[in-house]
Amino acid sequence: MFRNGKVVLLLLLAVVLVGCTQKVEGLTDEGFVAAREAFEANAKKTNEAAGDIHFYKPTTMEVDKQSTSQTIVLTKRNDSFYLTVNPNEKKNSRVYYDLLMTDEPENLVGAQTFAKDEVFGFVAVIQKSEKLVELIASVGGVKVETVTDEKNIDSHLGKMMQIARSVQQDEK
């Protein structure tokens with residue numbers, strides 16, 4: 001009798017774990033679609049600047065006072081988004097993607113790449129804890145990252161790609 005109870009408990013636990021994974025994967029798929037649409041669309045017009053970096057800032061976000069020309073911090077409610085620009089990388093650079101894939105995080109939920117007109121981009125979702133995920137959207141040497149609740153995957157990835165896709169730098 002006790003043995004049957006263990007089997008039922010293990011099966012129940014497996015069903016719960018599979019259900020949680022499918023939920024995150026479903027949100028990830030929706031987020032990837034939104035990111036692809038943002039990548040393939042014309043880059044949003046820049047409406048914000050930090051040093052020589054010009055970028056599109058969604059109206060729902062604020063630029064944090066702690067921002068520097070190397071890392072621009074955007075906030076939306078309780079989430080912080082980190083915009084990093086490597087001025088030595090071109091729009092077709094794969095450096096951030098290659099680094100991510102080399103490290104092969106064991107908690108990588110998924111990643112998707114995009115290419116259009118000599119521009120390379122990608123998005124990735126990494127499980128950080130039971131409910132938290134790290135989201136990355138990148139175009140060439142531009143990367144936008146955040147750690148957020150998994151329920152925000154689909155809404156954040158599209159906006160993050162819009163930001164990454166819009167970045168322009170003044171020529172030095």
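In this text, all values refer to a predicted model and were calculated from it rather than measured experimentally. (Residues numbered from 1 in each chain as written. Predicted model: local features only at pLDDT ≥ 70, side-chain atom pairs only at ≥ 80, totals over all residues. Heavy atoms only, no water.)

**Student:** Explain the overall build of the protein to me, using residue names and the numbers behind them.
**Tutor:** The helix and strand inventory of the protein stands at three helices and 10 strands. Start at the N end of the protein and walk to the C end: the helices and strands fall as α-β-β-β-β-β-α-β-β-β-β-α-β. Relative to its full complement of 172 residues, the protein shows a buried share of 40%. Intrachain contacts of the protein at a sequence separation of at least 6 include 50% that bridge at least 24 residues. (Helix = DSSP H or I, 4+ residues; strand = E, 2+ residues; numbered from the N terminus. Buried < 20%, exposed > 50% of the residue type's maximum accessible area, 1.4 Å probe, protein only. Contact = heavy atoms within 4.5 Å.)

**Student:** Which residues make up the pairing of strand E8 (residues 132–139), and what are the values?
**Tutor:** Counting buried positions over the eight residues of E8 gives seven, a clear majority of the element. If you look at the hairpin formed by strand E7 (residues 119–127) and E8, you'll find four residues sitting between the two strands. By the bridge criterion, eight bridges tie E8 to strand E9 (residues 142–149) in an arrangement that is antiparallel. Paired with Ile-136 across the bridge in E9 is Glu-145. Counting the residues between successive antiparallel strands, the hairpin from E8 to E9 contains two residues, one of them, Gly-140, with a positive phi of roughly 55°. (Pairing = 2+ DSSP bridges.)

**Student:** Explain the confidence of the model for the protein to me, and be specific about the residues and the numbers.
**Tutor:** For the protein, mean pLDDT is 86; residues scoring 70 or higher make up 85% of the total. Here helix H1 (residues 2–40) stands out as the least confident element of the protein, with mean pLDDT 66; E9 is the most confident, with 97. Scored below 50 in pLDDT, residues 7–22 makes zero contacts in the model with residues more than four places away or belonging to other chains. (pLDDT = per-residue confidence, 0-100.)

**Student:** Account for helix H2 (residues 95–103), naming residues and giving values.
**Tutor:** Along H2, the residues classified as buried are Tyr-96, Tyr-97 and Leu-100. For H2, the buried positions fall inside an angular range of 100° around the axis, keeping them on one side. Buried-residue contacts for H2 involve strand E5 (79–85), strand E6 (108–116), E7, E8 and E9. (Arc of directions from axis to C-beta.)

**Student:** Got a sec to walk through the sheet that holds strand E10 (residues 168–169)? Specific residues and values, please.
**Tutor:** Overall, antiparallel pairing links the three strands, which are arranged E1-E2-E10 in an open sheet. Both edges of this open sheet fall to strand E1 (48–50) and E10, since each of them pairs with a single strand only. Bridge count between strand E2 (residues 53–55) and E10: two bridges; the pairing is antiparallel. The partner of His-54 across the bridge, within E10, is Gln-168.

**Student:** A description of the sheet that holds E9 should follow, citing residues and the corresponding values.
**Tutor:** What holds strands together in a sheet is hydrogen bonding between their backbones, with the strands either parallel or antiparallel. The seven strands lie next to each other as E3-E4-E5-E9-E8-E7-E6, forming an open sheet whose pairing is antiparallel. In this open sheet, the two edge strands, each paired with only one partner strand, are strand E3 (62–63) and E6. Two elements, E5 and E9, share four bridges in a ladder whose sense is antiparallel. Within the sheet, the bridge partner assigned to Leu-83 lies in E9 and is Val-144.

**Student:** Could you give an account of the pattern of salt bridges, with specific residues and numbers?
**Tutor:** All chains considered together, the criterion is met by five salt bridges. Notably, a salt bridge pairs Lys-143 with Glu-145, separated by 3.6 Å at the nearest N-O pair. In this structure, Lys-143 and Glu-145 share a single accessibility class: buried. (Salt bridge = Lys/Arg side-chain N within 4 Å of Asp/Glu carboxyl O.)

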